[in-house]
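# Fold and geometry: a report
Each chain, letter by letter, is given below.
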Amino acid sequence: MHFCMDWQAVAFDWNRARAFLVTAEEGTFSAAARALGVAQPTIGRQIAALEEELGVALFERLGHDLNLTAAGLDLVEHVRAMNEAALKVALSAAGKSLDIDGTITLAASEAVATYLLPPMVRDLRALHPGIEVEIVASNQASDLRRREADIAIRNFRPSDPELVARKLRDSRAFVYASPDYLAAIGEPKTLAELAERAVVIAFDDVETFVKALRAMGLPFERRSFAIRSDNHLVQWQLAKAAAGVCIMMEEVGDRESGVVRVLPDLIPPIPVPVWLTSHRELQTSRRIRVVFDFLAAAFEGDAEMVTAR
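Residues numbered from 1 in each chain as written. Predicted model: local features only at pLDDT ≥ 70, side-chain atom pairs only at ≥ 80, totals over all residues. Heavy atoms only, no water.

## Points about the nonpolar core
In plain terms, the rule: The nonpolar core is taken to be a set of buried Ala, Val, Leu, Ile, Met, Phe, Trp, Tyr and Cys residues, with the residues joined through side-chain atoms within 4.5 Å. Only protein chains enter the accessibility calculation, which uses a 1.4 Å probe; a residue is then buried when its area is under 20% of its type maximum, exposed when over 50%, and partly exposed in between. In DSSP terms, a helix is any run of H or I states spanning at least four residues, a strand is any run of E spanning at least two, and both are numbered starting from the N terminus. The contact criterion used throughout is that any non-hydrogen atoms of two residues lie within 4.5 Å.
Grouped together as the largest cluster of nonpolar side chains are 26 residues, with contacts concentrated most on Phe220, Phe225, Val245, Val262 and Ile267. Counting only elements with at least two residues in this core, the list comes to strand 6 (163-177), helix 6 (179-184), helix 7 (191-197), helix 8 (206-215) and strand 11 (270-279). The element that contributes the greatest number of residues to this core is helix 8, accounting for four residues. Setting aside anything within four residues of it in sequence, one finds phenylalanine 220 in contact with Leu194, Ala195, Val200, Val210, Leu213, Arg214 and Phe225.

## Regarding helix 1 (residues 14-26)
Short version of the rule: A helix is expected to reach a length of 1.5 Å times the quantity of its residues less one.
Counted at 1.5 Å a residue, the expected span for helix 1 with its 13 residues is 18 Å, and the 18 Å between its end C-alpha atoms agrees. Regarding helix 1, the residues found buried are Ala17, Ala19, Phe20, Leu21, Val22 and Thr23. Trailing helix 1 by a residue or two, glycine 27 shows a phi angle of about 100 degrees, which is positive.

## Here's the deal with the packing of helix 1 against helix 3 (residues 40-54)
Pairs of packed helices are described in terms of their axes, by the angle between the two and the distance that separates them. For clarity, the threshold we go by: Note on geometry: axes are C-alpha line fits, over the in-contact stretch for helices, and angles between N-to-C directions span 0 to 180 degrees. Comment on the angle field: the value is read as roughly parallel under 35 degrees, roughly antiparallel over 145, roughly perpendicular from 65 to 115, and oblique elsewhere. Put simply, a crossing is left-handed when the front helix is turned counterclockwise from the back one by less than a right angle, and right-handed when it is turned clockwise. Any residue that is not Ala, Val, Leu, Ile, Met, Phe, Trp, Tyr, Cys, Pro, Asp, Glu, Lys or Arg is counted as polar, Gly included; the first ten are nonpolar and the last four charged.
Two elements in contact, helix 1 and helix 3, have axes whose closest approach is 8 Å; the angle formed by their N-to-C orientations is 110 degrees. Between helix 1 and helix 3, the angle is such that the two are roughly perpendicular. Both helix 1 and helix 3 take part in a crossing whose hand is left-handed. For the pair helix 1 and helix 3, contact is made by Asn15, Arg16, Ala17, Ala19, Phe20 and Thr23 and by Ile43, Gln46, Ile47, Ala49, Leu50 and Glu53, respectively. Of the residues in the contact of helix 1 with helix 3, the class split is seven nonpolar, three polar and two charged.

## Remarks on the environment of isoleucine 43
Following the sequence through the fold, isoleucine 43 ends up in helix 3. Isoleucine 43 gets classed as buried once you look at its relative accessible area, which sits at 0%. Once residues lying within four places of it in the same chain are set aside, the contact partners of isoleucine 43 are Ala19, Thr23, Phe29, Ala32, Ala33, Leu36 and Val38.

## A short note on the confidence of the model for the chain
In plain terms, the rule: Confidence scores per residue from the predictor, reported as pLDDT, run from 0 to 100.
Looking at the chain as a whole, the pLDDT averages 82, with 85% of positions reaching at least 70. Segment residues 5-10 is flagged for pLDDT under 50; beyond a separation of four residues in sequence, or across chains, it makes one contact in the model. Ignoring residues within four places in sequence, the model shows residues 303-309, a span with pLDDT below 50, making seven contacts including any to other chains.

## Digging into the layout of surface pockets
To keep it simple, the criterion reads: Space inside and on the surface of the protein is sampled on a 1 Å grid over the protein atoms alone, with a cavity defined as a set of points where a 1.4 Å probe fits but cannot get out and a pocket as an open set with protein on both sides within 12 Å along at least 5 of 7 lines; lining residues have an atom within 4 Å of a point. Grid points are joined across faces, edges and corners, and a volume is the space filled by probe spheres set on the points.
Estimated volume of the largest pocket: approximately 920 Å³. Every residue lining the largest pocket is counted, 31 residues in all, and those nearest its centre are Ser109, Asn139, Asn155, Phe203 and His232. Broken down by element, the lining of the largest pocket gets its largest block of residues, four residues, from helix 8. In the lining of the largest pocket, the residues fall into 19 nonpolar, nine polar and three charged. Lining the second largest pocket are 10 residues, and of these Arg18, Val22, Ala35, Leu36 and Asn83 sit closest to its centre. Those elements that provide at least two residues to the lining of the second largest pocket are helix 1 and helix 2 (29-36). Ranked by residues supplied to the lining of the second largest pocket, first place goes to helix 1 with six residues.

## Section: the pattern of salt bridges
One side chain can pair with another of opposite charge once the charged atoms of both are near each other. The cut-off we apply is this: A carboxyl oxygen of Asp or Glu within 4 Å of a side-chain nitrogen of Lys or Arg is what we treat as a salt bridge.
A complete count under the given rule lists 13 salt bridges for this structure. Across the pair arginine 169 and glutamate 251 runs a salt bridge, and its minimum N-O distance is 2.6 Å. With a gap of 82 residues between them, arginine 169 in strand 6 and glutamate 251 in helix 10 (residues 250-253) connect regions that are remote in the sequence. We note a salt bridge from glutamate 250 to arginine 261, for which the minimum N-O separation is 3.4 Å.

## Examining empty space enclosed by the protein
Picture a little ball the size of a water molecule; that probe, rolled over the atoms, points out where space is still empty. In total, this model carries one cavity of 30 Å³ or more according to the counting rule given. Put simply, the largest cavity is a space of about 40 Å³. For the largest cavity, the full set of lining residues is Val175, Val200, Phe209, Leu213, Leu218, Phe220, Val245, Cys246 and Ile247. Of all elements in the fold, only helix 8 and strand 9 (246-249) reach the threshold of two or more residues within the lining of the largest cavity. Class assignment of the residues belonging to the lining of the largest cavity gives a composition of nine nonpolar, no polar and no charged.

## Describing the packing of helix 1 against helix 2
It is at 8 Å that the axes of helix 1 and helix 2 come closest, and there the two elements cross at 120 degrees. In terms of their interaxial angle, helix 1 and helix 2 are classed as oblique. Between helix 1 and helix 2 lies a crossing of right-handed hand. For the pair helix 1 and helix 2, the contacting residues are Arg18, Ala19, Val22, Thr23 and Glu26 in the first and Phe29, Ala31, Ala32, Ala35 and Leu36 in the second. Residues of the contact of helix 1 with helix 2, tallied by class, amount to seven nonpolar, one polar and two charged.

Structure, rendered in structure tokens:
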């Protein structure tokens, strides 16, 4: 038996549905407009048209906020499923592209994006000038399934089965400080002296940081973390300015003449695995494949240079 679809009866407007979903997730018309890059009145008109089309009210106003009605709550999960399907279609289409030219988005930590990626991007563009590169520099992992990036350089192996990953190397990090700072705190010779005298420049999640350092045998207390920033580059600049000690990848720290490793014979290296990650369907894209392989080779070459010094 062949089921015949009445296509003329399907008049659902995806733009209206998307405006509804983003407004439901963002909470206001203005936030939804910013997220979609359109004017706020456009969002209002699209949702009003959707409500008229469906014959139901989707939102009720409470002050400046919008709350979903019962009908809106019923609809939002269906539209969210539609959005997921649309993302899969976009991923599948991108994965079938044979054209190298175009835009690619790379996600990496602040330190990697600032210190390691620039020469790689320069060399990539020299080989493939038709590739435009967008870099997302953040210590938060980008959502590859939602196309926040095409390729991510991460320090952990992804668990999502929809992602593919290649381990590039096991890098290391060390504790660094400026010679002036070490002199100012009396050139500590033991871990106990360092923990007693040094300020550790760290991320805001101090408790996790303390536990990690203690697991490595470093007896730092909560009071040692008097300077904090979730921006790793700010931490690094503070360390170079003799404000405290900072943890940094050796590829960055060893190339900086203004700092030295702190107690290198006593403080063990901190393992930093480096993984290259992409969405599984994007692996069939020629552009993604070219850039993925280029970055893998570039990181392996960079590792060889570090080892050789």
